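Given next are the chains, with one letter for each unit.
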Amino acid sequence: MSLRTLLGLLLPFCIVTPVLAVQPHVVILIAEREYETDQTLPKFAEAHLQHDFRTTLVYAKPDDKNTLAGIEAVKDADVLLISVRRRALPKSQLDLIRDYVANGKPVIGIRTANHAFLLRNEESPAGHDQWLHWDADVFGGSYTNHYGNDLKAKVTFRSDDAIPKLLLDGIRRQPFVAGGSLYKVAPLAEGAAVLMDGKVEGQGSEPIAWTFTRADGGKSFYTSLGHRDDFAGDVLPALLLNAIKWSLEK
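Residues numbered from 1 in each chain as written. Predicted model: local features only at pLDDT ≥ 70, side-chain atom pairs only at ≥ 80, totals over all residues. Heavy atoms only, no water.

## Regarding the pattern of salt bridges
1) Next: Counting across every chain of the model gives eight salt bridges.
2) Next: A salt bridge links R85 to E34, with the nearest nitrogen and oxygen atoms 3.9 Å apart. Residue R85 is located in the loop between β4 (79–84) and β5 (89–90), and its partner E34 is located in the loop between β1 (25–31) and α2 (37–48); the two are separated by 51 residues in the primary sequence.
3) Next: Owing to a relative accessible area of 45%, E34 belongs among the partly exposed residues under this scheme.
4) Next: Look at the salt bridges and you will find they share partners, linking K91, D95, R98 and D129 into a network. (Salt bridge = Lys/Arg side-chain N within 4 Å of Asp/Glu carboxyl O. Helix = DSSP H or I, 4+ residues; strand = E, 2+ residues; numbered from the N terminus. Buried < 20%, exposed > 50% of the residue type's maximum accessible area, 1.4 Å probe, protein only.)

Encoded structure:
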């Protein structure tokens, strides 16, 4: 019997197992007490990420705000989404984040993420470390403070060819009022592409959301949106989902 004949007899009985693509792994670091992202981000992940992504939520330890339980998940992350405020991590934990960034992997930050690993007028606890230029290095920003909580920030969209179209896909580009105070983040580093600006009465505008290509070649996205009211609106959830998809584009 020839080989061709034998294959013809066997092939109808062969079982073909499909090769399933591994879902990208989104690791979300949550360690802040100002904006309740320990509640809003898990709900966002459940509503928008569970079908197309693997997600891991990493929180600060209840008895030690400067230590993140389960941060080893960063080693396997494809996207790192950060909602952290002024924490000095154990050096070994901050080194995991340093290595992740140095490998050119994408970073997405919301609200307090631009001062995530920098204490204010405090020394690091023994064995802990800070990333003093985190904002400039990773997001191309220069956060200094914010305007008063009583000042409402009106957000407007830019029309710029440098803005990746995917980031605003499905978002109505109509002005809206931000949920939280307006952050002072300007000036941005060269190469940042701003999507939205915010303005409070009597003051100049500030960038609200932008992309940045880091010195290591990695992609970063940051938005100062992140208040609970922003998550309840139409813009931030869609913007975050788009940013994750954009960050994974080659």
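## Quick notes on the pairing of strand β2 (residues 54–61)
1) Next: In the sheet, β1 pairs with β2 via six bridges, with the strands oriented parallel. Directly across from I30, in β2, lies its bridge partner Y59.
2) Next: Read from β1 through α2 to β2, the crossover connection turns out right-handed.
3) Next: Note that β2 and strand β3 (residues 64–69) share three bridges and pair antiparallel. Counted as the bridge partner of Y59 is A69 from β3.
4) Next: In this antiparallel pair of consecutive strands, β2 and β3, the connection spans two residues. (Pairing = 2+ DSSP bridges. Right-handed = clockwise from strand over helix to strand, strands pointing away.)

## Notes on the sheet that holds β2
1) Next: The sheet built from ten strands is open, its strands ordered β3-β2-β1-β4-β6-β14-β13-β12-β9-β10 with mixed pairing. In this open sheet, the two edge strands, each paired with only one partner strand, are β3 and β10 (176–177).
2) Next: Where helix α3 (residues 91–102) meets the sheet, it contacts β1, β3, β4 and β6 (107–110), and its direction lies at approximately 135 degrees from that of β4.
3) Next: Across the sheet, helix α6 (residues 235–248) is in contact with β1, β4, β6, β9 (154–157), β10, β12 (193–199), β13 (206–213) and β14 (219–223); its angle to β14 comes to roughly 170 degrees. (Contact = heavy atoms within 4.5 Å. Axes fitted to C-alpha atoms, helices over the stretch in contact; angles between N-to-C directions.)

## Quick look at the environment of I208
1) Next: With respect to the helices and strands, I208 occurs in strand β13.
2) Next: If we ignore the near neighbours within four places in the chain, the residues touching I208 are V155, L182, M196, D197, G198, Y222, T223, S224 and L225.

## Here we look at the packing of α2 against α6
1) Next: Remark: α2 packs on α6, axes separated minimally by 11 Å, with the N-to-C direction vectors making an angle of 65 degrees. Comparing the axis directions of α2 and α6 gives the class roughly perpendicular. Relative to α6, the crossing made by α2 is right-handed. In contact with L41, F44 and H48 of α2, α6 contributes P237, L240, L241 and I244.
2) Next: Of the residues contributing to the contact of α2 with α6, the split by class is six nonpolar, one polar and no charged. (Parallel < 35°, antiparallel > 145°, perpendicular 65-115°, else oblique. Left-handed = near helix turned anticlockwise from the far one by under 90°. Nonpolar A, V, L, I, M, F, W, Y, C, P; charged D, E, K, R; others polar.)

## Some thoughts on the confidence of the model for the protein chain
1) Next: With 92% of its residues at a pLDDT of 70 or more, the protein chain shows a mean pLDDT of 92.
2) Next: Across residues 6–19, where pLDDT falls below 50, the model places two contacts with residues more than four positions away in sequence or in other chains. (pLDDT = per-residue confidence, 0-100.)

## Re the packing of aromatic side chains
1) Next: Within this structure, the stated rule accounts for eight aromatic pairs.
2) Next: Measuring from ring centre to ring centre gives 5.0 Å for Y143 and Y183, while their planes differ by 55 degrees; the resulting arrangement is tilted. Here Y143 is found in the loop between α4 (134–139) and β8 (145–146), whereas its partner Y183 is found in strand β11 (residues 183–184), with 40 residues between them in sequence. As far as the burial class goes, Y143 and Y183 line up, both buried. (Phe/Tyr/Trp six-rings, centres within 6.5 Å; stacked < 30°, edge-to-face > 60°.)

## So, the side chain of N114
1) Next: Here N114 lies in the loop between β6 and β7 (128–129).
2) Next: N114 gets classed as buried once you look at its relative accessible area, which sits at 5%.
3) Next: A polar contact is formed between the side chain of N114 and the side chain of H115, at a distance of 2.8 Å.
4) Next: In terms of polar contacts, N114 uses its side chain to reach the side chain of Y222, at 3.1 Å.
5) Next: Apart from residues no more than four positions distant in its own chain, N114 is found in contact with W134, D135, F139, Y143, Y183, V185 and Y222. (Polar contact = N/O pair within 3.5 Å; in protein donor to acceptor, adjacent residues only side chain to side chain.)

## Notes on the environment of D216
1) Next: As for its placement among the helices and strands, D216 is situated in the loop between β13 and β14.
2) Next: In this structure D216 comes out as partly exposed when scored by relative accessible area, which is 33%.
3) Next: Through-space distance from the C-alpha of D216 to that of L80 is 16 Å; in sequence the pair is 136 residues apart.
4) Next: Excluding residues within four positions of it along the chain, D216 makes contact with V101, A102 and G104.

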